[in-house]
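Overview (structure and organization)
So you can see what is in the structure, the chains are spelled out below.
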Amino acid sequence: QAQLVESGGGLVQTGCSLTLTCTLSGRDFVIYANNILGWFRQAPGKVREFVAGVTWRNYKRLYADSVKGRFTILRYAAENAVSLQMNNLEPEDTAVYYCARNPSGTLYYDETKYDNWGQGTQVTVSS
């Protein structure tokens, strides 16, 4: 029923910024109070990894060490959306970025806890 749609990806140079947006839609879409909305990414030949997550109710945020201090996840409750502000991008950030929802309220980084996924948006950082 629920659909998560990512947007904002593209090609940028090293050191530049991008902001990704994840819009949660659906006529009967429901976000539970303890849901976590998270961002994951997967580069070619690599496993999918956790990037950032935010609890819907309490706005508690957690970041992967690789992006901490550079990326910021934001919640827009009224719009049913989350964003990922990415600063000082590096070639190592090149990946498909996915938005997902975790209904468990715990283990931000555990992708098995997420039960809804978007289709992904490509971010490419050139040197």
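Before reading further, recall that the structure is shown in the block above.
Reading the values: the criteria
- Residue positions are given per chain, counted from 1 along the sequence in the order it is written.
- Local features in this predicted model are restricted to residues whose pLDDT is 70 or higher, and side-chain atom pairs enter the listing and the counts only when it is 80 or higher, whereas totals over whole chains, interfaces and linings include all residues.
- Neither water nor hydrogens contribute to the side-chain values; these are computed over all heavy atoms in the structure.
- At least two DSSP bridges between two strands are needed for those strands to be called paired.
- Secondary structure elements follow DSSP: runs of H or I of four or more residues count as helices, runs of E of two or more count as strands, with numbering from the N terminus.
- Interaxial angles span 0 to 180 degrees and are taken between N-to-C directions of axes, which are lines fitted to C-alpha atoms, for helices over the stretch in contact.
- When a carboxyl oxygen of Asp or Glu lies within 4 Å of a side-chain nitrogen of Lys or Arg, that pair is called a salt bridge.
- Here, two cysteine sulfur atoms that lie within 2.5 Å of each other are counted as a disulfide.
- Buried, partly exposed and exposed residues are distinguished by accessible area as a fraction of the type maximum, computed with a 1.4 Å probe on protein chains only: under 20%, between the cut-offs, and over 50%, respectively.
- Two rings from Phe, Tyr or Trp (for Trp, the six-membered ring) form a pair when their centres sit within 6.5 Å of each other. Planes less than 30 degrees apart are called stacked, planes more than 60 degrees apart edge-to-face, and all others tilted.
- When the NZ atom of lysine or the CZ atom of arginine is within 6 Å of a ring's centre and also within 35 degrees of its normal, the charge is said to sit over that ring.

Turning next to the sheet that holds strand E7 (residues 71–76). One open sheet holds the four strands; their spatial order is E1-E3-E8-E7, and the pairing between them is antiparallel. If you trace the sheet from one side to the other, it starts and ends with strand E1 (3–7) and E7, each paired once. The mean inter-strand angle of the sheet, taken between neighbouring strand axes irrespective of direction, is 15°. Here strand E3 (residues 18–25) pairs with strand E8 (residues 81–86) via six bridges, running antiparallel.

A separate point is the pattern of salt bridges. Going through the model one piece at a time under the given rule, you end up with four salt bridges. Residue glutamate 49 is joined to arginine 41 by a salt bridge in which the shortest nitrogen-to-oxygen separation is 2.7 Å. Residue arginine 48 is joined to glutamate 111 by a salt bridge in which the shortest nitrogen-to-oxygen separation is 2.9 Å. Linking arginine 48 in the loop between strand E4 (36–42) and strand E5 (49–55) with glutamate 111 in the loop between strand E9 (95–102) and strand E10 (116–117), this pair joins segments that are 63 residues apart in sequence. One network of salt bridges, in which partners are shared, links Arg41, Glu49, Arg70 and Asp93.

Here we come to the state of the cysteines. Per the stated rule, a full pass over the model turns up one disulfide. Linked covalently through their sulfurs, cysteine 22 and cysteine 99 form a disulfide whose S-S length is 2.0 Å. Its S-S torsion of about -80° marks the bond between cysteine 22 and cysteine 99 as left-handed, since a negative value means left-handed. In this pair, cysteine 22 is assigned in strand E3 and cysteine 99 in strand E9, connecting sequence segments 77 residues apart. For the residue pair cysteine 22 and cysteine 99, the accessibility class agrees, reading buried in each case.

A few words on the packing of aromatic side chains. As enumerated under the stated definition, the model contains five aromatic pairs in all. Relative to tryptophan 117, the ring of phenylalanine 40 has its centre 5.1 Å away and its plane inclined at 50°; by these criteria the two rings are tilted. Taken together, the positions of phenylalanine 40 in strand E4 and tryptophan 117 in strand E10 put the pair 77 residues apart, joining distant regions of the chain. In this structure tryptophan 117 comes out as partly exposed when scored by relative accessible area, which is 26%. Ring geometry for tyrosine 98 against tryptophan 117: centres 6.5 Å apart, planes inclined by 75°, an arrangement best described as edge-to-face. With a gap of 19 residues between them, tyrosine 98 in strand E9 and tryptophan 117 in strand E10 connect regions that are remote in the sequence. Overall, tyrosine 98 belongs to the buried group, its relative accessible area being 17%. Lying across the ring of tyrosine 98, arginine 48 places its NZ or CZ 5.7 Å from the centre.

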